[in-house]
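Observations on the model geometry
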Amino acid sequence: MAPSSEASASLQSITLALPNAAATRSLGHFLGQHLAAGSVLLLEGDLGSGKTTLVQGLGKGLGITDSVDSPTFTLVNEYLEGRLPLYHLDLYRLEADEVKDLYPETYWEGVELEPGIVAIEWSERLPYKPESFLTIQLAHPPESDRTATLTPTGHFNLQNLLAVDANVHQSW
């Protein structure tokens, strides 16, 4: 998988081709192995675009052995056994005013809970966002491979993350 020509030298964003669910899981696995505590992933995309599949890979990369499932009905799943905690939120069934009642900042502030990785599905429903995060926009066009567009905001450094492995684009 190689970045598209849309990726700039400064890596403001990068678009990756994900030919199948295994590639989506592999991207998540890579992120789970290399993200630092306090990293927030805002996951966007239509139903079936691969958000939960990516988080399943993230869990594997963190060394979580429990099944990582979408918290569509429970809203939040906490996995505490890996290299870092994984806090998985799914906002699909909520409106923005209901999201506020979850106090999502509790997960990314690292004050009340141990800092970990926060993955938020349907993040476009957040009424406010953390200071720094990585948006992962997943798409599954009918006539082509899935894509993941990674866009950092704040002090999230995508270039440093991808520099971990010079062959990162071939690793999934």
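Before reading on, note that the structure itself is shown above.
Residues numbered from 1 in each chain as written. Predicted model: local features only at pLDDT ≥ 70, side-chain atom pairs only at ≥ 80, totals over all residues. Heavy atoms only, no water.

The next subject is the overall build of the chain. Helices and strands together make up the secondary structure of the chain, namely five helices and seven strands. When burial is assessed residue by residue, the chain has 48% of its 172 residues classed as buried. In the chain, of all internal contacts separated by at least 6 residues, the share reaching a separation of at least 24 is 63%. In the form shown here, the chain has an accessible surface area of approximately 8,200 Å², with 48% of it arising from carbon and sulfur atoms. (Helix = DSSP H or I, 4+ residues; strand = E, 2+ residues; numbered from the N terminus. Buried < 20%, exposed > 50% of the residue type's maximum accessible area, 1.4 Å probe, protein only. Contact = heavy atoms within 4.5 Å. Areas by Shrake-Rupley, 256 points an atom, 1.4 Å probe, with all protein chains shown as cover.)

Attention shifts here to the environment of Ala-23. Looking at the secondary structure, you find Ala-23 in helix H1 (residues 21–34). Accessibility expressed as a relative area gives 3% for Ala-23, which makes it buried. For the pair formed by Ala-23 and Gly-57, sequence separation is 34 residues and the distance between their alpha carbons is 9.4 Å.

Here the focus is the packing of H1 against helix H2 (residues 51–61). Interhelical geometry of H1 versus H2 gives an angle of 40° and a closest axis separation of 6 Å. The angle between H1 and H2 places the two elements in the oblique class. As for the relative orientation of H1 and H2, their crossing is right-handed in sense. Only Thr-53, Leu-54, Gln-56, Gly-57, Leu-58, Lys-60 and Gly-61 of H2 make contact with H1, whose side of the interface consists of Ala-21, Thr-24, Arg-25, Leu-27, Gly-28, His-29, Leu-31, Gly-32 and Gln-33. A breakdown of the residues in the contact of H1 with H2 according to their chemical character gives five nonpolar, nine polar and two charged. (Axes fitted to C-alpha atoms, helices over the stretch in contact; angles between N-to-C directions. Parallel < 35°, antiparallel > 145°, perpendicular 65-115°, else oblique. Left-handed = near helix turned anticlockwise from the far one by under 90°. Nonpolar A, V, L, I, M, F, W, Y, C, P; charged D, E, K, R; others polar.)

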